[in-house]
Amino acid sequence: MLQDPNGPMIYKGIYHLFYQWNQNGAVMDVNKTVWGHATSTDLINWITLSPAIRPSRPSDINGCWSGSVTILPNGKPVILYTGNDRYNRQVQNLVKPKNLTDPYLRHWTKSPENPLVTPSPVNHINSSAFRDPTTAWFGRDGRWRITTGSQEGRRGLAILHTSKDFVIWKQSPKPLHYHDGTGMWECPDFFPVARTDSRGLDTSFSSGPMVKHVLKVSLTDTFNDYYTIGTYDEVRDVYVPDKGFVQDETAPRYDYGKFYASKTFYDSVNQRRILWGWVNESSPEKDNIKKGWAGLQAIPRKVWLDESGKRLVQWPVKEIERLRTTQVKWGNKLLKGGSVMEVHGVTAPQADVEVFFKVSGFDLEKADVIEPGWTDPQLICSQRNASSGLGPFGLMVLASKNMEEYTSVNIRIFRAGENSKEHVVVMCSDQSTSSLEKGNDKTTYGAFLDISPYQPISLRTLIDKSIVESFGGKGKTCITSRVYPKLAIGERTHLFAFNKGSQNVNVLSLSAWSMKSSL
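Residues numbered from 1 in each chain as written. Predicted model: local features only at pLDDT ≥ 70, side-chain atom pairs only at ≥ 80, totals over all residues. Heavy atoms only, no water.

As annotated in an unreviewed UniProt entry, the chain carries the name Cell wall invertase 5 and comes from Arabidopsis thaliana.

Here is the structure:
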């Protein structure tokens, strides 16, 4: 079973991805977790290597858990990771490459100083909730800093440690950030973003007026990832979210579907920040055991700060386009209310589809008024047969010929009030009809999409047999689904554009590419 992405980096032109892995089956065994290791030159085609870190010492004998890579000033990568020690305490450990001339970094050596940080009555750290150290950043005072996820009662916090030599770590008097009532903060990620453009910044990039910081935490209460945007005070060593952001379940999410334990890294070669996320299964455990594997990583995404400063934008890395083959194009087609149109000529089980919809101003006036109590987009998307004046319209992917099975990725538009000229746009990924298999998770996902419906509405969906990754509004909202159809398999898979609303919608353009498999 494959889980959390760990320590992604680029070293000597080679991309590395480590990940939580149970080599022995499709069910996670936390006491036997190793760091799986794969390398790539293009983020798309990967070579699997031997595990980089295995349980072997008292400080990690019960599992080598999540952590991060830091590139030191001399270009040397090092890993800090959480070990579950012989007493089942969560402690922090260091490993270094055995041979720096090997660009594949096939062998790693554990520090004799491990564990570097151990919970104790003196530091008051919860020994059962102290894990997943971040990439370190270098302060103006010449000290490295890391933050590690923890929990005190119902308070979630990011504990801060500093070090001059990366071996002796001192706990700071205050956490980097905390919030009451959230429970455990797993897999924290802390990084700077530029305010003016989409380029990425090194994790140690200094704060300033043109820089914001992002703190992402994975909440075990909901198994979702949430992020806030704010300011890092380098003097006080604290992070303060901007007004309107709270580090809890009200915060924005990278992805409103199956996407957890995410981790970013700075790609110094291409000056971009890249996001990885673990996508778990929708099939029951017995089916996972039968097929012999479970869990995968989402397509890596470039991530940057939206020009509004209120959200992050994500987009599949440009390298994914190398898998495109045959293209099918539509131009300016009318999707009448209640209509379905098949997209022919594309390999529907593996495709990259980008469509731009346009709704006339006249039709926008006919949109239904959103109900006052409809504040949860997931519930809006879950309403069966809830066609409105405008939508749902979008794509039916991984569909059977007669549509007994399909996953609907769609848009709905509502007026904000009876006399309002404002609109509410909702993006949905509906798995409810994805499979005739009874035991699968068929949750319907939904999120608000902060766009003006007077402008063309973009929707891009990457389809790969059992995974559907969708990007609305050019990456302002993302939803990932896992589906296991019984009928819509291989050549029996179809792709449709549809409009179940009563008002017409224009397809300004649709481009669908067949996608070849990566190595």
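After that view, the rundown keeps rolling.
Q: Any chance you could break down the state of the cysteines for me, citing the residues and the numbers?
A: For the structure on display, the rule yields 1 disulfide. A sulfur-sulfur separation of 1.9 Å characterises the disulfide bridge that pairs C381 with C428. Residues C381 and C428 are joined through a disulfide that is left-handed, its torsion about the S-S bond being -75 degrees. Of this pair, C381 sits in helix α3 (residues 377–382) while C428 sits in strand β29 (residues 423–430), and the two are 47 residues apart along the sequence. Accessibility expressed as a relative area gives 2% for C381, which makes it buried. No disulfide involves C64; its sulfur sits 15 Å from the nearest other cysteine sulfur, which is in C187. A relative accessible area of 7% means that C187 is categorised as buried. (Disulfide = S-S within 2.5 Å. Helix = DSSP H or I, 4+ residues; strand = E, 2+ residues; numbered from the N terminus. Buried < 20%, exposed > 50% of the residue type's maximum accessible area, 1.4 Å probe, protein only.)

Q: Describe in detail the side chain of S172, supporting the description with residues and values.
A: Relative to the helices and strands, S172 resides in the loop between β13 (170–171) and β14 (177–179). Leave out the neighbours within four places in its chain, and S172 touches L160, H161 and T162. (Contact = heavy atoms within 4.5 Å.)

Q: With reference to specific residues and values, describe the packing of aromatic side chains.
A: Here the structure, examined in full by the defined rule, presents 20 aromatic pairs. The interplanar angle of 65 degrees and the centroid separation of 6.2 Å between the aromatic rings of W35 and Y81 together place this pair among those described as edge-to-face. Placement of the pair is W35 in strand β3 (residues 34–40) and Y81 in strand β6 (residues 77–84), with a sequence separation of 46 residues. Since its relative accessible area comes to 0%, W35 is described here as buried. Where W46 meets W276, the ring centres are 5.6 Å apart and the plane angle is 75 degrees; that geometry is what we call edge-to-face. (Phe/Tyr/Trp six-rings, centres within 6.5 Å; stacked < 30°, edge-to-face > 60°.)

Q: So, the domain arrangement of the chain: which residues are in play, and what are the values?
A: You can read the domains of the chain as domain 1 (2–316) and domain 2 (323–515). Distance between the C-alpha centres of domain 1 and domain 2: 33 Å. Across the boundary between the two partners, domain 1 contributes 26 residues, which contact 24 residues of domain 2. The contact between domain 1 and domain 2 buries some 2,200 Å² in all, and 56% of this surface belongs to carbon and sulfur atoms. For the domain 1 face of the interface with domain 2, the top three residues by lost area are Y256, S282 and W315, together amounting to 30%. With a closest N to O distance of 2.2 Å, D450 and R311 form a salt bridge. Along the contact surface separating domain 1 from domain 2 lie 15 residue pairs in polar contact (both at pLDDT 80 or more). Listing elements by their share of the side of domain 1 that touches domain 2, those giving two or more residues are α1 (285–291) and β23 (312–316). (Domains from an automatic or database assignment. Buried area = accessible area lost by both parts, 1.4 Å probe. Salt bridge = Lys/Arg side-chain N within 4 Å of Asp/Glu carboxyl O. Polar contact = N/O pair within 3.5 Å; in protein donor to acceptor, adjacent residues only side chain to side chain.)

Q: Tell me about the sheet that holds β6, residues and numbers included.
A: Sheet strands pair via backbone hydrogen bonds, and the direction of the pair is either parallel or antiparallel. What the 4 strands build is an open sheet, ordered β5-β6-β7-β8; its pairing is antiparallel. Either end of the sheet is taken by a strand with one partner, and the two such strands are β5 (64–71) and β8 (108–110). Along the sheet, successive strands turn relative to each other by an average axial angle of 30 degrees, direction set aside. In the sheet, strand β7 (residues 90–97) pairs with β8 via 3 bridges, with the strands oriented antiparallel. Looking at β8, one finds that K96 is bridged to T109. (Pairing = 2+ DSSP bridges. Axes fitted to C-alpha atoms, helices over the stretch in contact; angles between N-to-C directions.)

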